[in-house]
Each structure stands twice: as structure tokens, then as C-alpha cells.
Amino acid sequence: MGPDQHAQLDGFSLFLPFPSRVAVILLAGFWGWGANLQYLSKANIDVPSLIRYPHRQSASHPSHYASAYRLATLLTIPLVISLLIFWPVTHGSRQRVESLDYIPQSYFFIAAIILIQPFIRVARSGRFRLFTTLKRICVGGLAQPQDGKFGDILLADALTSYSKVLGDLVVSFCMFFIGDLGSTSKPNRKCGNDYLIPLVISIPSMIRLRQCLIEYFRVWQGGHKNGNTGGQHLANALKYATAFPVIMLTAKLRNYNPLEFYGFSETGLSRLLFLCTLTNSAYSFYWDVTKDWDLTLLSPLRDSPEYPFGLRRHRFFADRQYYVAVGIDFAIRFSWLARYVPGLVWLSDTEFGIFVLMFLEVARRWMWIFLRIETEWIRNSRGPAPDDILLGEFSGKLDAD
């Protein structure tokens, strides 16, 4: 590799190589899920019942959140070891960082063995459930409500927040096996061809879109019970569809070719991307607050005397936590606007900034899960919100399922 290629690596990439950055964000999901389970358990919300996961048969068995933490710890140990080996042998040398890419890249092979190895007792049933759910939803499948539909939706929604991380995971393997650059070099997010990474990033949204269509057809085949026409499922599908123009235009603008767009200038495409991203962010923020969390902040019911402004009647958390969650969700949903703000351009132009944005999106999804599960628990125990017919298969009390 030439000196110019070595010079492209910044200090952050020398300290935390590209494959390890991807691994850190992936691991955050395991730790975050453990925290979700622990906090919601203390709030007396039975997450296993909602996702149709078997309860512990004995008090001697570790709790669900303890098992999640154990698995996260088991997956974290080899990452820490790989970094403790990588740092001394590279000594911050750009050439060594690029030539020894197999050290951080090997972590993914070790993690895969831990996850699929049936002889490892840590979270064995949880790992099996994870893979069976992934197998079902990878083609956009969706279980019936009594078989864990809500768990399918939670995992598929989580994947949409990991779409860019999954894209970078594919990039790291592409750089490791193909081409002259190692996976610890400056990321080549066009590795393979112009369509590979955008396709990978699009897959989670495709999964959720198909799930929404499945829910719509289930309502339609059920005869539109209780006046539910399934229209909200189509509206939800449209929300995920708005991500595709953003992904396509972003990829094309990285390698702009005027011959492909027949008269559209680069400036014109940038403006079109702005409008598409604004539409996707605004639509998604509205859906988070109004449909996923059943809050009334963006609806005419916000001023009801029965609950604080913009919230809802039944709540498990402190009032201020809902307002903070809405503010954080808004800020991260529109964090892409940082590229237009002087002094914040580094968030979209540097590897550290990209890492921060990806991590923030995963943190937003972690926060979203708390309120989404709480909302589902309230719907199952007390009924849906007055203007909410999203569930379709709602059947009353959870214990009566």
C-alpha cells in the first residue's frame, strides 16, 4: 500500500479500527437488551409474556436479563482481548494497523461461534430463539400474535436502526477478502459494486415493509373486524418505503455521474435528497410518538384534562421521561441536518462522526424499546388508545390469550 493510503487513517481509526467499531455497536445491542429487560421487569412489565417467550421454570434459574448480560459479557471478552493484542503490536503505526487487519476481523468469527455453538450453556434458549426469529423475519415473515408476533416486530424494527451498521459489517468483510485494501484501512463503502451496500442497508426496511403488508392482508382476510380496515398498516408500510429514495440518492451522490440522471445536476440531486430525508425523518418521528408510543403530543387529544399535556392516561414512567424521550427521538431522527450546520459537519465527514451517529441511532432505538414495550403492555391489559386500531388482532387481557 502506498503512503497516501496510510495517510488516510486518522487517529480514531488507529485507536479503534474499523471492524472493532462495528463490533462495539453490535455489542451495544446485546447490553442494551439486557438493560431493557431489567428496567421493564422492575416496572412490573412482563416482557416474556409480550413476546411469547417461556418463563423461568425455577427460581434457581437466572432471570432473563441476567442471561442477556451473561451473553453480552461472553461476547465482549474476545473483543477486549483482540484490542489488547492489537494495540501493542501496532504501536499506532498506520502500516501495521492496515497489515494486521486479521486481528480485529477475527472477532466476528469468534462471536459467530459463540452464538451458534449449542454446547455453550450461556443463554442457550435465548440464542436459539434469536436465530429462529431472525430466520423467520429475514424474508419479512411475521408470526401470529399467539406465536410471538410482537417479538418479530421488535427485532425487525431494531434491524432498521442497525441498517448502516450491517452495511459496514459487509464492507469490513468485503475489504478483508476483496481488493488491495485491508479491513482496517479507511472504509471503502463502495466495496464490491455501487449496489451491494445500498441493498444491504435497504434490507431491514424491506423486512418491515413486508411485515406491514402481511398485517394488512390479515386484517382484510379477517373481515375488517371492529371497523379495522388495516389502513394504518399501509401507512406504516409507506413509512418504511420512504427510506428507499434516501438510501439510493445517498449512494448515487457518493459517486455522482450526470449520465445516469439525464439532466439532474448534483445540486438538484442534493436538494431532492434533502426533501426525501426530511420526509422520512418527519414521518418516522410522528409515527414513533403517535403510533408506537400512543402519546398525544402530535394529535388533537394533547390538551385532555385526564393526563399531562401531550402524554396519555396510563403511564408506567415519570412524566418527564416521556418528554425527554420525545426530545431525544426528535434530535436523533433529524441528526442528519448536522451536515448543514457549521461546526457540526464533522459528524458526517469523519469516521469518528459517523461512528457517533450510528451509536446514537442504536441508543435511540434502545430508548424507543422501553416506551414501545410499555405501550404494548398497556394495550394488552387496558385496551388500545381511543384512536388506535393498529393492532388488528387485539384480543383484550394478556392473560386471556
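Residues numbered from 1 in each chain as written. Predicted model: local features only at pLDDT ≥ 70, side-chain atom pairs only at ≥ 80, totals over all residues. Heavy atoms only, no water.

Some details on the overall build of the protein
The helix and strand tally for the protein stands at 17 helices and zero strands. Here the C-alpha radius of gyration of the protein, 22 Å, is about what a compact globule of 401 residues would show, namely 21 Å. In terms of principal-axis extent, the alpha carbons of the protein reach across some 65 × 60 × 40 Å. Counting the 401 residues in the protein, one finds 48% classified as buried. By element, 65% of the accessible surface of the protein is carried by carbon and sulfur atoms, the whole surface being about 19,900 Å². Here the protein contributes 40 positively and 31 negatively charged side chains, and the mean placements of these two sets differ by 4 Å. (Helix = DSSP H or I, 4+ residues; strand = E, 2+ residues; numbered from the N terminus. Rg over C-alpha atoms; globule rule 2.2 N^0.38 Å. Buried < 20%, exposed > 50% of the residue type's maximum accessible area, 1.4 Å probe, protein only. Areas by Shrake-Rupley, 256 points an atom, 1.4 Å probe, with all protein chains shown as cover. Lys, Arg positive; Asp, Glu negative; His and termini not counted. Charge placed at Lys NZ, Arg CZ, Asp CG, Glu CD.)

Description of the UniProt feature "transmembrane region" (unreviewed entry) in the protein
This chain's UniProt record puts "transmembrane region" (unreviewed entry) on residues 12–33, 71–90 and 102–120. Note that residues 12–33 is 91% helix and 0% strand, and that its end C-alpha atoms are spaced 27 Å apart. (UniProt positions renumbered as here; feature names shortened; annotations may be inferred.)

Notes on the nonpolar core
Membership of the largest hydrophobic core comes to 30 residues, with the highest contact counts inside it found for Val22, Ile25, Leu75, Tyr107, Phe108 and Val165. Within the residue set of this core, elements represented by two or more residues are helix H3 (18–42), helix H5 (64–90), helix H7 (102–116), helix H10 (163–177), helix H11 (196–221) and helix H17 (351–382). Structurally, this core is a two-domain feature, drawing no fewer than three residues from each of domain 1 (13–55 + 63–143) and domain 2 (256–385). With residues near it in sequence (within four places) discarded, Val165 still touches Val22, Ile25, Leu26 and Met358. Leu154, Met367, Ile369 and Phe370 belong to the second largest nonpolar core, which has 29 residues in total. (Core = buried A, V, L, I, M, F, W, Y, C linked by side-chain atoms within 4.5 Å. Domains from an automatic or database assignment. Contact = heavy atoms within 4.5 Å.)

Quick notes on the packing of helix H12 (residues 231–241) against helix H13 (residues 243–254)
Closest axis-to-axis distance for the H12/H13 pair is 5 Å, and the angle between their directions is 5°. In this view, H12 runs roughly parallel relative to H13, as classed from their interaxial angle. On H13, the residues that touch Lys239, Tyr240 and Ala241 of H12 are Ala243, Phe244 and Pro245. In terms of residue class, the contact of H12 with H13 is built from five nonpolar, no polar and one charged. (Axes fitted to C-alpha atoms, helices over the stretch in contact; angles between N-to-C directions. Parallel < 35°, antiparallel > 145°, perpendicular 65-115°, else oblique. Nonpolar A, V, L, I, M, F, W, Y, C, P; charged D, E, K, R; others polar.)

Here's the deal with unusual backbone geometry
Backbone geometry at Ala123 places phi at a positive 50°, although glycine is not the residue there. Inspection of the secondary structure puts Ala123 in the loop between H7 and helix H8 (124–137). By relative accessible area, which is 15% here, Ala123 ends up buried. Even without glycine at this site, Asp294 takes up a positive phi of about 55°.

Side note on the side chain of Thr160
Looking at where Thr160 falls in the secondary structure, it is placed in helix H9 (residues 149–161). Given the relative accessible area of 16%, Thr160 is considered buried. Separated by 2.4 Å, the side chain of Thr160 and the backbone oxygen of Asp157 make a polar contact. If we ignore the near neighbours within four places in the chain, the residues touching Thr160 are Pro204, Ser205, Arg208, Tyr240 and Arg365. (Polar contact = N/O pair within 3.5 Å; in protein donor to acceptor, adjacent residues only side chain to side chain.)

Focus: the confidence of the model for the protein
Counting all residues, the mean pLDDT for the protein is 90, and 91% of those residues have values of 70 or more. In this model, residues 1–7 is a region of pLDDT below 50 whose contacts with residues beyond four sequence positions or in other chains number 12 contacts. Below pLDDT 50 for its whole length, residues 391–401 participates in 26 contacts with residues either more than four positions away or in separate chains. (pLDDT = per-residue confidence, 0-100.)

As for the domain arrangement of the protein
The assigned domain composition of the protein is domain 1 (13–55 + 63–143) and domain 2 (256–385). A C-alpha centroid distance of 25 Å is found between domain 1 and domain 2. Facing 18 residues of domain 1, the contacting portion of domain 2 comprises 16 residues. Taken over both partners, the interface formed by domain 1 and domain 2 buries close to 1,500 Å², and the fraction arising from carbon and sulfur atoms is 81%. Across the contact surface, domain 1 and domain 2 share one salt bridge. (Buried area = accessible area lost by both parts, 1.4 Å probe. Salt bridge = Lys/Arg side-chain N within 4 Å of Asp/Glu carboxyl O.)

Considering the side chain of Arg208
Of note, Arg208 is situated in helix H11. In contact with Arg208, not counting residues within four places along its chain, are Ile153, Ala156, Asp157, Thr160, Asn236 and Tyr240.

Examining H11
Across its 26 residues, H11 extends 36 Å between first and last C-alpha, which sits within 8% of the 38 Å expected from 1.5 Å per residue. Maximal helix bending in H11 amounts to about 35°, located at Ile203; proline Pro204 follows within four positions. At the C-terminal side of H11, Gly223 shows a positive phi close to 85°. (Expected span 1.5 Å × (residues − 1). Bend = angle between axes of the 7 residues up to and from the residue.)

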